[in-house]
Amino acid sequence: MIPNDSIVALATPSGAGAIAVIRISGKDAITIGNSVFKSVKNKELLTQKTHTLHLGHIMDGTKTLDEVLVSLFKGPNSYTGENTIEISCHGSTYIQQQIIQLLLRKGCRMADPGEFTLRAFLNGKLDLSQAEAVADLISSDNEASHQIAMQQMRGGFSNEIAKLREELLNFASLIELELDFAEEDVEFADRAQFHELLNRIEFVLKRLIDSFAVGNVIKNGIPVAIVGEPNVGKSTLLNALLNEERAIVSEIAGTTRDTIEDELVIGGIGFRFIDTAGIRETQDIVESIGIRKTFEKIEQAQVVLYLFESLKFKSQSSEYVVEIEKIKNQFPLKPLVVVINKIELLSDAEVAEIKNKLQPLNVIVEMISAKQNLGVEELKTQLLSFVNTGALRNNETIVTNTRHYDSLLKALDEIQKVKYGLEVNLSSDLMALDIKEALYQFGTITGQVSNDELLGNIFANFCIGK
Ligand SMILES: Nc1nc2c(ncn2[C@@H]2O[C@H](COP(=O)(O)OP(=O)(O)OP(=O)(O)O)[C@@H](O)[C@H]2O)c(=O)[nH]1
Ligand SMILES: [Mg+2]
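Rules used in this analysis
Residues numbered from 1 in each chain as written. Chains lettered and ligands numbered in written order. Predicted model: local features only at pLDDT ≥ 70, side-chain atom pairs only at ≥ 80, totals over all residues. Heavy atoms only, no water. Donors = N, O, S within 2.8 Å, 3.2 Å for Na, K, Ca; no water. Helix = DSSP H or I, 4+ residues; strand = E, 2+ residues; numbered from the N terminus. Domains from an automatic or database assignment. Contact = heavy atoms within 4.5 Å. Buried area = accessible area lost by both parts, 1.4 Å probe. Polar contact = N/O pair within 3.5 Å; in protein donor to acceptor, adjacent residues only side chain to side chain. Nonpolar A, V, L, I, M, F, W, Y, C, P; charged D, E, K, R; others polar. Pairing = 2+ DSSP bridges. Axes fitted to C-alpha atoms, helices over the stretch in contact; angles between N-to-C directions. UniProt positions renumbered as here; feature names shortened; annotations may be inferred. Buried < 20%, exposed > 50% of the residue type's maximum accessible area, 1.4 Å probe, protein only. Phe/Tyr/Trp six-rings, centres within 6.5 Å; stacked < 30°, edge-to-face > 60°. Lys NZ or Arg CZ within 6 Å of the ring centre and 35° of its normal.

### Concerning the coordination of the magnesium ion (ligand 2)
The protein atoms that coordinate the magnesium ion (ligand 2) are Ser235 (OG) and Thr256 (OG1), at distances of 1.9 to 2.1 Å. Placement of serine 235 in helix H8 (residues 234–242) and of threonine 256 in the loop between H8 and strand E9 (260–266) is noted, with a sequence separation of 21 residues between them.

### A look at the domain arrangement of the protein chain
You can read the domains of the protein chain as domain 1 (7–127) and domain 2 (128–302 + 386–447). Distance between the C-alpha centres of domain 1 and domain 2: 38 Å. Taken residue by residue, the interface counts 5 residues in domain 1 and 8 residues in domain 2. Of the roughly 540 Å² buried between domain 1 and domain 2 on both sides combined, carbon and sulfur atoms contribute 57%. If you sort the residues of domain 1 by the area they bury against domain 2, Phe121, Leu126 and Asp127 come out on top, with a joint share of 83%. Our enumeration of links across domain 1 and domain 2 arrives at 4 residue pairs in polar contact (both at pLDDT 80 or more). Class assignment for the residues of the side of domain 1 that touches domain 2 results in 3 nonpolar, 1 polar and 1 charged.

### Details of the sheet that holds strand E8 (residues 222–228)
Read from one edge to the other, the open sheet built from 6 strands follows the order E9-E10-E8-E11-E12-E13, with strand pairing classed as mixed. Here the strands that pair on one side only, and so sit at the sheet edges, are E9 and strand E13 (364–367). On average, each strand axis in the sheet is inclined to that of its neighbour by 25 degrees, with strand direction left out of account. For strand E12 (residues 336–341) and E13, the ladder comprises 4 bridges, and the chain directions are parallel.

### Describing the UniProt feature "binding site: K(+)" (unreviewed entry) in the protein chain
Residues annotated in UniProt with the feature "binding site: K(+)" (unreviewed entry) correspond here to Asn231, Ser250, Ile252 and Thr255. These annotated residues cover 25 residues of sequence, and their C-alpha atoms all fall within 7.8 Å of one another, placing them together at a single site. Position of serine 250 among the secondary structure elements: in the loop between H8 and E9. Classification of serine 250 by relative accessible area gives partly exposed; the value is 25%. Contact partners of serine 250, with chain neighbours within four places excluded, come to Asn231 and Thr255. A distance of 3.0 Å separates a polar side-chain atom of serine 250 from the backbone nitrogen of isoleucine 252. When you line up the elements, threonine 255 lands in the loop between H8 and E9. Each residue touching threonine 255, except ones within four places of it in the same chain, is listed here: Ile248 and Ser250.

### Quick word on the packing of aromatic side chains
For the coordinates displayed, the defined rule picks out 7 aromatic pairs. Seen in terms of ring centroids, phenylalanine 313 and tyrosine 320 are 5.5 Å apart; in terms of plane orientation they differ by 20 degrees. Their pairing is stacked. Exposure remark for phenylalanine 313: the relative accessible area of 0% places this residue in the buried category. For tyrosine 320, a relative accessible area of 3% corresponds to the buried category. One aromatic cluster is present, formed by Tyr306, Phe308, Phe313 and Tyr320 through successive ring pairs. The side chain of arginine 23 reaches across the aromatic face of phenylalanine 116, ending 5.0 Å from its centre. In this structure, lysine 466 packs its charged tip against the face of tyrosine 79, placed 4.4 Å from the ring centre.

Laid out in structure tokens, this is it:
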């Protein structure tokens, strides 16, 4: 049963602002709105057309609370699909609270987190993955994550899934039909066509599953670990990248004890920089925990900036070359940038010499001075070039949601079972069971199959008023 009691919430952020928007949705939203609104032109909200705007006052009995503008939407032509009004009032917290309390007294109930969007879903205005994209869109803070959320909200990903589910459903019903004629041993479902469909589904599922790696990284920012010996300037580099004094810098080795993280958007892509404690052999317990963490951070990072001090590199280059090779062998697939810091301390000839030493290693090398902000922009450009934005540019569907990823994995598993069943000529009744399970997993993505617990989990993460 779809609830239709009237819910109210502040749709704009809490706190004072120029204006605030209070939203009411439900069967009686317009009636309740009308009971507290006095139009300057003596209009009754109940008799007004949908998608109209009305100037007037919110009245608590004879007391005027504020001059407001009311937007009117009649169900089903609203975000939630229900009757909705939005009151734009002056943005003082006092006014917001007074109006909301008045509406509660008039029969509204405070909305739960995401309840407006939940109702939009229940009323068929959005499918589940589109509703989830609304939350992503609100929290997106860079171009790439915004683009992915917009695409998902337009239904890019769920359309594809829904279409495949539809085709699978057709086959499922043909197979079910065969069960009814079990004695006659007939085949209604063309096995070759079915096999072709299963291959196609498998292909799409695998592509979507693979896209999760890209999607997740874009949504949360690409993790970049800054590692190197104590005192090489890791924290100084973090500060230079972020253009703020984020981490403590000092000439004392071992200044950074824990890891420090911060995010920066470069060319529309979010990067999460992780400044670590210096790597070295040590007796100091606290610092050796830091070193263990450094290796963990390399593991978790998508890109590693391995920092060296120019003067030290010059005098110990052969040792360092061995070390870089070690790291390369340990993490062969990890994009690694060897960063030589403090280059302003070297002559041009010495810089060229270091470059020569590193040449045979076939690694990316950046020469910088974190302190003087030299080469930092080039380093950023280098980072951006690691990102495979091809998928984004091609407008390909990218999965960013862990729940979808999980359902896709399960669906793939079921599809592969069906495919196996087909290959070994499994009986129709057993095959029908596997297909049902696959259909179920598909349905959980778009919300054709849902339950209260699932919906509760999804919408609890929304903000109130959305
Ligand atoms: N000359 C010069 N000094 C630098 C440069 N970058 C950093 N430093 C100095 O090097 C010292 C160490 O810098 P940090 O950024 O604290 O080094 P770190 O790698 O974070 O050190 P730990 O946290 O101890 O591992 C500080 O005195 C910095 O001012 C640079 O480009 N040139
Ligand atoms: Mg540091």
